[in-house]
Amino acid sequence: MDELQRLNSNEPTKYNSTNRNEIDYDNNSLSTWEMIKLTACMAGLQFTWTVELAYGSPYLRSLGLTTELIALVWLAGPLSGLLIQPLVGAISDKSTYKLGRRRPFIIVGGFLVCLSMAGIAYSREWAKVYLGMINSKNGDDRDEINKVAVYIAVLAFYCLDFSINAVQASCRALILDIPPLYQQETGNAWAGRMMHIGNVIGYFTGFLDLTALFPMLGDTQLKVLCIVACVIFILSLLITSLSVKEKVFEAIDDDKPWWHTIVYIYKAFRYLPVPIQRICNVQFFAWMGWFPFLFFSTTWVAEIYAQTHPTEDPNDEDFIYKATRAGSFGLLLFSFVSVAAGVIIPLFTPSTYPSRNPFTVYNIYIASHIIFFIIMMTTFFVRTEYHAISVIASVGVPWAIAMWIPFALVGEFVQKENVEAIVENTHVRPIENPDIEHVSSIASSSSSSPLVTPDEQNEEEEEFDAGMMLGVHNMYIVFPQFVISLISSGIFKLFKANSEGVEIGNNDAVGWVLRFGGFMALIAAILSCYLIDLHVYKQA
């Protein structure tokens, strides 16, 4: 309880800007160039995500999969986020590899991501190799080749989602490990910027005729795009992995059974520290708002387009192409706005305590939910596709904040507990190795004991490290995806949408799904008012 009282107190952490003479910035601080190299991995990750999300469904449909089966394939995303991120976080927290705790998982996961991308893009070619029909020109073999190609593509999709989540969990933990306390806000702001840049590159590359530019890489847009994605992905991971030197740990408690990792994850989920639990509560409702937008924004633009062109046939291929392209253009503008917001908004946050500057990360976070709510309510008044595109683009501002502040708050809590009271970890401890440069400011365990009342306190209380904290945090982001899938289905059924989706132009079902997300963001704004301010401020 003393720890909880300290976190709720108004005393600023001794690592804020007013006490910077206590810190050797020359040794601990990361320069802007070092921040860029550390977070470069996020650009490659987001580019790969963009390729999968943009081309996944059309490609699976071209292989002959029904809408219902494609929906089952897309379950790989939330399942991998729910299972892999906390598992990789828990295992990497206790790893003792010479490369460090995070980079081995980045390297192995990166290899599997590239292998999976090749499996998706060249599934038909791999099927021919497997069946021994490389040079077959028999039309009767086509169905058998296509059947095997479907299995390969689906397996590759699941492998891609699971491996890319492993890489993402490790990269996020690394970005939390390396910067010192007072640079957590800056580090996560750079991570958000890199993700937005990855989005822009992904959407822009998708608009290019890649088969004309790089005919030697493949005869379809997807094949060339997957190869380009692999190259960008590998380069981004190499930049981060080669420029960062982690602290090496040695095991000091090897008598734990293998299943103790599962217990560790359960305890982390059950006994989260109060500040982290409150962040997770906010994230749950915030992503109840974000998933409707991410899933249905393009469809909503198509709805508006249909309403403004009532004389056109909504089943005509040319109409569908124009409507979809309008939605894609809106998302491209959305990505540009998010880049600009990600660069500009962090510049306004205060660097001293106390400060009259109202643009604290907490106030900005609250405002972002309110802005998202207001934008979703404007869908009532949209009448043309140009207005709809403007609405989609404007969401880039709260999106930039969503990709920055929650992760910064988690990082500040973990680092604050580490620098104020370094507690000996019960599983690993740092090795004093002169051959390994110590850049990471995490010394042993990174976070405090769970902040719970004595009645709730577990007898075998654990110290939860960065990877585990981020893994549980991600679970609160994934859960809403399952909930929104059920709620959106109910809304569509209420508006008498058919089993294949909303009948374009006939109702406002998609608009109401977006507005429901807006109301969820309003709940997130209310919960954000109860976040615990650690009074940590960025380095000026």
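Scroll up a little and you will see the structure.
Residues numbered from 1 in each chain as written. Predicted model: local features only at pLDDT ≥ 70, side-chain atom pairs only at ≥ 80, totals over all residues. Heavy atoms only, no water.

J.: Looking at this model, I keep getting lost on the overall build of the chain. Mind explaining?
T.: Counting its regular elements, the chain contains 20 helices and two strands. Contacts in the chain between residues at least 24 apart in sequence constitute 83% of all its contacts with a sequence separation of at least 6. Just so you have it, the chain exposes about 24000 Å², and 63% of that area is on carbon and sulfur atoms. (Helix = DSSP H or I, 4+ residues; strand = E, 2+ residues; numbered from the N terminus. Contact = heavy atoms within 4.5 Å. Areas by Shrake-Rupley, 256 points an atom, 1.4 Å probe, with all protein chains shown as cover.)

J.: Explain the pattern of salt bridges to me, please; I cannot follow it from the model alone.
T.: Side chains that differ in sign of charge can pair as their charged atoms come close. For the structure on display, the rule yields three salt bridges. For the salt bridge of R101 with D177, the shortest nitrogen-to-oxygen distance reads 3.9 Å. With R101 in the loop between helix 5 (76–93) and helix 6 (103–121) and D177 in helix 8 (residues 141–177), this pair connects stretches of sequence that are 76 residues apart. Taken individually, R101 and D177 each receive the classification buried, so the pair is uniform in this respect. Residue K223 is joined to E125 by a salt bridge in which the shortest nitrogen-to-oxygen separation is 2.6 Å. Of the two residues, K223 sits in helix 11 (residues 221–243) while E125 sits in helix 7 (residues 123–131), which places them 98 residues apart along the sequence. Judged by relative accessible area, E125 falls into the partly exposed class, the value being 32%. The structure contains a network of salt bridges with shared partners spanning R101, R102 and D177. (Salt bridge = Lys/Arg side-chain N within 4 Å of Asp/Glu carboxyl O. Buried < 20%, exposed > 50% of the residue type's maximum accessible area, 1.4 Å probe, protein only.)

J.: Looking at this structure, how should I read a nonpolar patch on the surface?
T.: A cluster of nonpolar side chains, namely L69, L72, L75, L79 and L83, defines an oily patch on the protein surface of about 410 Å² accessible area. When residues of the nonpolar patch are traced back to their parent elements, those giving at least two are helix 4 (67–73) and helix 5. Using a relative accessible area of 31% as the deciding quantity, one classes L79 as partly exposed. (Patch = residues over 30% accessible without salt bridge, like charges linked within 9 Å, V, L, I, M, F, W, Y side chains within 5 Å.)

J.: Could you clarify how one ought to interpret the side chain of Q168 in this entry?
T.: The topology assignment puts Q168 in helix 8. Classification of Q168 by relative accessible area gives buried; the value is 17%. Once residues within four sequence positions are removed from consideration, Q168 is found in contact with L45, W49 and Q85.

J.: Help me understand the packing of aromatic side chains in this model?
T.: Here the distance between the centres and the angle between the planes together describe a pair of aromatic rings. Under the definition given, this model contains 14 aromatic pairs. Centre to centre, the rings of F284 and F285 are 5.3 Å apart; their planes meet at 85 degrees, and the pair counts as edge-to-face. Accessibility expressed as a relative area gives 25% for F285, which makes it partly exposed. Between F348 and F359, the aromatic rings sit 5.9 Å apart at their centres with planes inclined by 55 degrees, giving tilted as the arrangement. Pair noted here: F348 is in the loop between helix 14 (317–344) and helix 15 (361–377) and F359 is in the loop between helix 14 and helix 15, with a separation of eleven residues, a long-range link. A relative accessible area of 46% means that F348 is categorised as partly exposed. The rings of W287, W290, F291, F293, F334, F372 and W399 are connected pair by pair, giving a single aromatic cluster. The ring of F407 carries R172 above its face, with NZ or CZ at 3.6 Å from the centroid. (Phe/Tyr/Trp six-rings, centres within 6.5 Å; stacked < 30°, edge-to-face > 60°. Lys NZ or Arg CZ within 6 Å of the ring centre and 35° of its normal.)

J.: What's the story with the side chain of Q481 in this structure? I'm lost.
T.: Counting through the fold element by element, Q481 comes out in helix 19 (residues 466–494). Discounting chain neighbours no more than four positions away, the residues touching Q481 are P78, F291 and F295.

J.: What is the right way to look at the nonpolar core in this model?
T.: Here is a general trend for soluble globular proteins: nonpolar side chains tend to be buried in one another's company. M42, F293 and W300 are the most contacted members of the largest nonpolar core, which has 126 residues in total. Ranked by residue count, the leading element in this core is helix 8, at 15 residues. No fewer than three residues from each of domain 1 (29–246) and domain 2 (264–426 + 464–539) sit in this core. Apart from the residues within four sequence positions on either side, M42 is in contact with C171, R172, I175, A191, M194 and M195. (Core = buried A, V, L, I, M, F, W, Y, C linked by side-chain atoms within 4.5 Å. Domains from an automatic or database assignment.)

J.: Is there a simple way to think about the packing of helix 13 (residues 274–308) against helix 16 (residues 385–394) in this case?
T.: To describe two helices that pack against each other, one gives the angle between their axes and the distance between the axes. Contact pair helix 13 / helix 16: the axes reach a minimum separation of 8 Å and the direction vectors enclose 165 degrees. Relative to helix 16, helix 13 is oriented roughly antiparallel. Crossing geometry of helix 13 relative to helix 16 is assigned as right-handed. In contact with F293, S297, W300, V301, I304, Y305 and T308 of helix 13, helix 16 contributes E385, A388, I389, V391 and I392. (Axes fitted to C-alpha atoms, helices over the stretch in contact; angles between N-to-C directions. Parallel < 35°, antiparallel > 145°, perpendicular 65-115°, else oblique. Left-handed = near helix turned anticlockwise from the far one by under 90°.)

J.: Is there a simple way to think about the environment of A127 in this case?
T.: Secondary-structure assignment places A127 in helix 7. For A127 and A149, which are 22 residues apart along the polypeptide, the C-alpha to C-alpha distance reads 5.2 Å. In this view, A127 contacts I145, V148, A149 and I152; residues no more than four positions away in its chain are not counted.

J.: Any chance you could explain the environment of R102 here in plain terms?
T.: Note on placement: R102 falls in the loop between helix 5 and helix 6. Judged by its relative accessible area of 0%, R102 is buried. Between the C-alpha atoms of R102 and L174, which are 72 residues apart in sequence, the distance is 6.2 Å. In this structure the side chain of R102 is engaged in a polar contact, spanning 2.7 Å, whose partner is the side chain of S92. (Polar contact = N/O pair within 3.5 Å; in protein donor to acceptor, adjacent residues only side chain to side chain.)

Shape is all these values report; function is a separate question.
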